[in-house]
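Structural description and commentary
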Amino acid sequence: MDFQEKTGLPRAQDVSEFLEGLRQLKEASGLTLRQLEERAAAAGDYLPRSTLSSMLSGRRLPRPELLAAFLRACGHEQHLTAWLRTRDALARGEADDADGSPGGAGASGAAASSRDDGAPADPSTPAGGADAPASATGAPRIRRLPRHLLRPRLLVPLAVAVLLAATAGVLGTRGDDSGGDKPRPRSAALTDAAEDSSAGETGAATDVPRGAVRLRPLSAPRLCVTDGHVPDRRYDSQVAVQRPCDRTQPQTTELTPEPGSKRHRIQWHHPEFGTGCLKVLGTGPGKDLLEPWDACDRADLFRLVPARGKGAYVLRTEDGRCVGIARPLTAEGTEAVAQRCTSGRHQMFRIESASE
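A brief look at the structure comes next.

1. A word on helix H4 (residues 49-57)
Residues of H4 that are buried: Leu-52, Met-55 and Leu-56. An end-on view of H4 places all buried positions within 90° of arc, on one side of the element. Residues of H4 that are buried sit in contact with helix H2 (15-29), helix H3 (33-42) and helix H5 (64-74).

Below, the structure is given as structure tokens:
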């Protein structure tokens, strides 16, 4: 019995064959969707039945983190690298087809391990976000611009865009690339005094519910920020992710005001793990993630800035960034991160009492 027969791995002529291999793998496991979800949860993965059903009945390549969780649940973690390489080769083939360039799904194995999928990076998404394709080791790859963006017919528009971006950077950003505050658009780089003027002195102090609350991102209002693990497994500890609001228990969240300040700590309570306060990680594989720390005095303070006309708040970090949901914005399990402030709904949160 060869490798393909033992793992159900297709020889990857196209996406349909790859998906058929996944369906065969599921059937060979003898597990139901519910059992696969439970096995994934026991391993620290998040594999909702609805998402798994869509993956197996769909026509698109699964996200790398979803594929990895599925393979682990089926008991084929030892072949994870080969599946990810095959998936990446097919993704590149689709990108090449759309670009009109040669070299589709039949790309060689060597190319599969050394090139990316050609998708442009989203500037609001941190490096290594949930949409980043996994490498042979499961780590996110750095995205590069697709070849068609470098063609001569786009050089003039690109030059104009670069000039405009440079002008905006001079007028409305601060900090540099050596560390400290990250560049932010002028519209987002408000001082505390400007925030108070636009939001009202008492906006953040009187409107926030006391006790246990739910933080609902406007980009996915049926989900709430709570504890979980990053889908791509780049960081092992529990961090802030978005999950269905009815599945946040026994975790509870409170916004605790800091005495003498207009800022709050985001405090988590868990009957098993105790109390922890969210801290924005500054280095390592968990960079920009929000992790609960037992020492609340070493955790971060967040400024709650009312979003005009939205009935929601923007959570400003101590270094002037904003808490936002990484991509995919509406997916269960996507992590919350500290990122450059924008006017996006993924950086606005409704704060409601958990007792309602």
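2. Focus on the pattern of salt bridges
The full count for this structure, using the stated rule, is 18 salt bridges. Arg-63 serves as the salt-bridge partner of Glu-65, at 2.6 Å between the closest nitrogen and oxygen. On the accessibility criterion, Glu-65 (6% relative accessible area) is buried. One salt-bridge network, in which partners are shared between bridges, spans Lys-287, Asp-288, Asp-319 and Arg-321.

3. Some thoughts on the nonpolar core
Counting residues in each nonpolar core, the largest one holds 26 residues, and the members touching the most others are Leu-22 and Phe-70. Of all elements in the fold, only H2, H3, H4, H5 and helix H6 (80-99) reach the threshold of two or more residues within this core. A per-element tally of this core places H5 first, with eight residues. In this view, Phe-70 contacts Leu-22, Leu-25, Lys-26, Leu-36, Leu-47, Leu-52, Met-55 and Leu-56; residues no more than four positions away in its chain are not counted.

4. Considering the state of the cysteines
Evaluated as defined, the whole model comprises three disulfides. Bridging Cys-224 to Cys-245, the disulfide has an S-S length of 2.0 Å. Residues Cys-224 and Cys-245 are joined by a disulfide whose S-S torsion is about 90°; by sign, that bridge is right-handed. Remark: Cys-245 occurs in the loop between strand E3 (239-244) and strand E4 (252-257) and Cys-224 occurs in strand E2 (residues 223-228); sequence separation between them is 21 residues. Look at Cys-224 and you get buried, because its relative accessible area is 1%. On the basis of relative accessibility, which here comes to 14%, the residue Cys-245 falls in the buried class. Between Cys-322 and Cys-341 runs a disulfide, and the two sulfur atoms are separated by 2.1 Å.

What counts, and at which threshold
Residues numbered from 1 in each chain as written. Predicted model: local features only at pLDDT ≥ 70, side-chain atom pairs only at ≥ 80, totals over all residues. Heavy atoms only, no water. Buried < 20%, exposed > 50% of the residue type's maximum accessible area, 1.4 Å probe, protein only. Helix = DSSP H or I, 4+ residues; strand = E, 2+ residues; numbered from the N terminus. Arc of directions from axis to C-beta. Contact = heavy atoms within 4.5 Å. Salt bridge = Lys/Arg side-chain N within 4 Å of Asp/Glu carboxyl O. Core = buried A, V, L, I, M, F, W, Y, C linked by side-chain atoms within 4.5 Å. Disulfide = S-S within 2.5 Å.

Scope: geometric values only; no functional claims are made or implied.
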